[in-house]
Protein chains: 2
Amino acid sequence: MANSKLYKGSLVTIILKLLNESDKMYGYEITQKVKALTKGELKITEGALYPALHKLEAEGLLEVEVKKVDNRLRKYYKLTEKGNKETVSKLQELQEYIKTMQVLVNPKLIVE
Amino acid sequence: MANSKLYKGSLVTIILKLLNESDKMYGYEITQKVKALTKGELKITEGALYPALHKLEAEGLLEVEVKKVDNRLRKYYKLTEKGNKETVSKLQELQEYIKTMQVLVNPKLIVE
DNA sequence: CTTTTATACATAAGAATATTATGTATATTT
DNA sequence: AAATATACATAATATTCTTATGTATAAAAG
């Protein structure tokens, strides 16, 4: 997941936001979408993604629908109502994080 | 360290940048400085800070000078030359991270 | 004047998150 | 025919942090 350790902790935010836009997505699709959007800068590994999806489902933030396409399984995930709320919350946290880090790293600027 | 998991991975960047500005600081001073700059939003825990400082020292990014002030020990840390270079690198990574996350989270905006 | 809070270090046990490696299976491209 | 892409999954390990605990001195509060 990129050369930077900063991405640690960001995966759930990314998953939720992508599902928030695309209505429903399957795991492999998420990895490809992230790769494309970031021009290869960020690669979601399967060992991180699938356990994360399972956890979000167990928490009731995602619901699954299994489909067979071209004789292969796809597990489509979509946000529940709870998942939508959590998405908003996670995006706010991201904005807070960015603001706080800019204060720490550019202490001479006042960031509104 | 705040309510958000996003800070995971950011501690080294914070430490290096603060030392880059203040010439030398001791551990407790770092915790107080971060608390003050972020108005209490971010609190560096000792269980995270001290091992991180020891690791940075072991890697040759920091050097230590022990002083006794008011009959109490202080371990002053300052950046080595290698530490200065790493600071620049970590700050670039932070800017990259923020840019990438904004692409993922605001895919309709083009971020330069 | 005694207890609490602040200063200042440290480490160990455990939780959380991700990497790396491995496995299964089908479809497509070389 | 072999390699790559699609699509899922998990186990072992690494990394980072939280929580809890420990030591010790100084200052503030009751």
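Before going into details, it helps to say that this report is about the structure given with it. Numbers given for residues are sequential positions, taken from 1 along each chain in its written order. Naming scheme: in the order in which they are written, chains are lettered from A and ligands are numbered from 1. In view of the model being predicted, local features appear only for residues whose pLDDT reaches at least 70, and side-chain atom pairs are presented and counted only at 80 or more, with totals across whole chains, interfaces and linings using the full set of residues. Side-chain measures were taken over the full set of non-hydrogen atoms in the model, leaving aside hydrogen atoms and water.

**Some words on the protein's contact with DNA strand D**
Selection rule: Proximity is defined per residue: if any heavy atom of the residue lies within 4 Å of a molecule or strand, that residue is considered near it. Polar contacts here mean pairs of N or O atoms no more than 3.5 Å apart (in protein, one a potential hydrogen donor and the other a potential acceptor; neighbouring residues in sequence count only if both atoms are side-chain atoms). Basically, the charged four are Asp, Glu, Lys and Arg, the nonpolar ten are Ala, Val, Leu, Ile, Met, Phe, Trp, Tyr, Cys and Pro, and anything else, Gly included, counts as polar.
Taken together, 28 residues sit near DNA strand D, with Lys-5, Tyr-26, Tyr-28 and Lys-75 of chain A together with Met-1 of chain B positioned nearest. The sugar-phosphate backbone supplies 72% of the atoms of DNA strand D found within 4 Å of the protein. A distance of 3.0 Å separates a phosphate oxygen of DNA strand D from a polar side-chain atom of His-54 of chain A. Between DNA strand D and Lys-55 of chain B there is a distance of 3.0 Å, counted from a phosphate oxygen to a side-chain nitrogen or oxygen. Of the residues that constitute the surface near DNA strand D, the class distribution is 9 nonpolar, 9 polar and 10 charged.

**What about the sheet that holds strand S3 (residues 72–79) of chain B?**
Residue and element names in this part refer to chain B. Our working rule: Strand pairing follows a simple DSSP-based rule, namely that at least 2 bridges must link the two strands. To qualify as a helix, a DSSP run of H or I must reach at least 4 residues; to qualify as a strand, a run of E must reach at least 2; elements of each kind are numbered from the N terminus. Working convention: axes come from line fits to C-alpha atoms, limited for helices to the stretch in contact. Angles between N-to-C directions cover 0 to 180 degrees.
Judged by pairing direction, the sheet is antiparallel, and its 3 strands sit side by side in the order S1-S3-S2 without closing on themselves. Edge positions in the sheet fall to strand S1 (24–26) and strand S2 (62–69), since each has one partner strand and no second. Looking at each pair of strands side by side, their axes are set apart by 30 degrees on average, direction ignored.

**Considering unusual backbone geometry**
Even without a glycine there, the phi angle at Lys-39 of chain A is positive, about 50 degrees. Relative to the helices and strands, Lys-39 of chain A resides in the loop between helix H2 (27–37) and helix H3 (46–58). A positive phi angle is found at Asp-70 of chain B, which is not glycine, with a value near 55 degrees. By the secondary structure assignment, Asp-70 of chain B is in the loop between S2 and S3.

**A word on the sheet that holds strand S1 (residues 24–26) of chain A**
Residues and elements named next belong to chain A. Spelled out, the test is: Contact between two residues is taken to exist if any of their heavy atoms lie within 4.5 Å; hydrogens are not considered.
On the basis of which strands lie adjacent, the open sheet formed by 3 strands has the order S1-S3-S2 and antiparallel pairing. Where the open sheet ends on each side, the last strands, each with one partner, are S1 and strand S2 (62–69). For this sheet, the mean angle separating the axes of adjacent strands, direction not counted, is 30 degrees. Contacting S1 and strand S3 (72–79), H2 runs over the sheet at an angle of about 95 degrees to S1. Each of S2 and S3 is contacted by H3, which is oriented at about 125 degrees to S2, the strand it contacts most.

**Considerations on the interface of chain B and chain A**
For clarity, the threshold we go by: By convention, the term buried area covers the 1.4 Å-probe accessible surface removed from two parts as they join, with the contributions of both added. Any carboxyl oxygen of Asp or Glu that lies within 4 Å of a side-chain nitrogen of Lys or Arg is treated as forming a salt bridge with it.
At the interface, 30 residues of chain B touch 30 residues of chain A. When chain B packs against chain A, the two sides together hide about 3,100 Å² of surface, and 70% of this comes from carbon and sulfur. On the chain B side of the contact with chain A, Leu-6, Tyr-97 and Leu-104 of chain B bury the most area, a combined 22% of that side's loss. Applying the counting criterion to the chain B and chain A interface returns 0 salt bridges. Across the contact surface, chain B and chain A share 8 residue pairs in polar contact (both at pLDDT 80 or more). Those elements that place two or more of their residues in the side of chain B that touches chain A are helix H1 (11–22), helix H2 (27–37) and helix H4 (81–105) of chain B. Of all the elements, H4 of chain B adds the most residues to the side of chain B that touches chain A, at 12 residues. Of the residues assigned to the side of chain B that touches chain A, the class counts are 16 nonpolar, 7 polar and 7 charged.

**Focus on the side chain of Thr-31 of chain B**
Residue and element names in this part refer to chain B. Keep this limit in mind: Relative accessible area decides the class of each residue, using a 1.4 Å probe on protein chains only: under 20% of the type maximum gives buried, over 50% gives exposed, and in between gives partly exposed.
Its location among the elements puts Thr-31 in helix H2. On the basis of relative accessibility, which here comes to 8%, the residue Thr-31 falls in the buried class. A polar contact is formed between the side chain of Thr-31 and the backbone oxygen of Tyr-28, at a distance of 2.6 Å. Setting aside anything within four residues of it in sequence, one finds Thr-31 in contact with Ile-44 and Leu-49.

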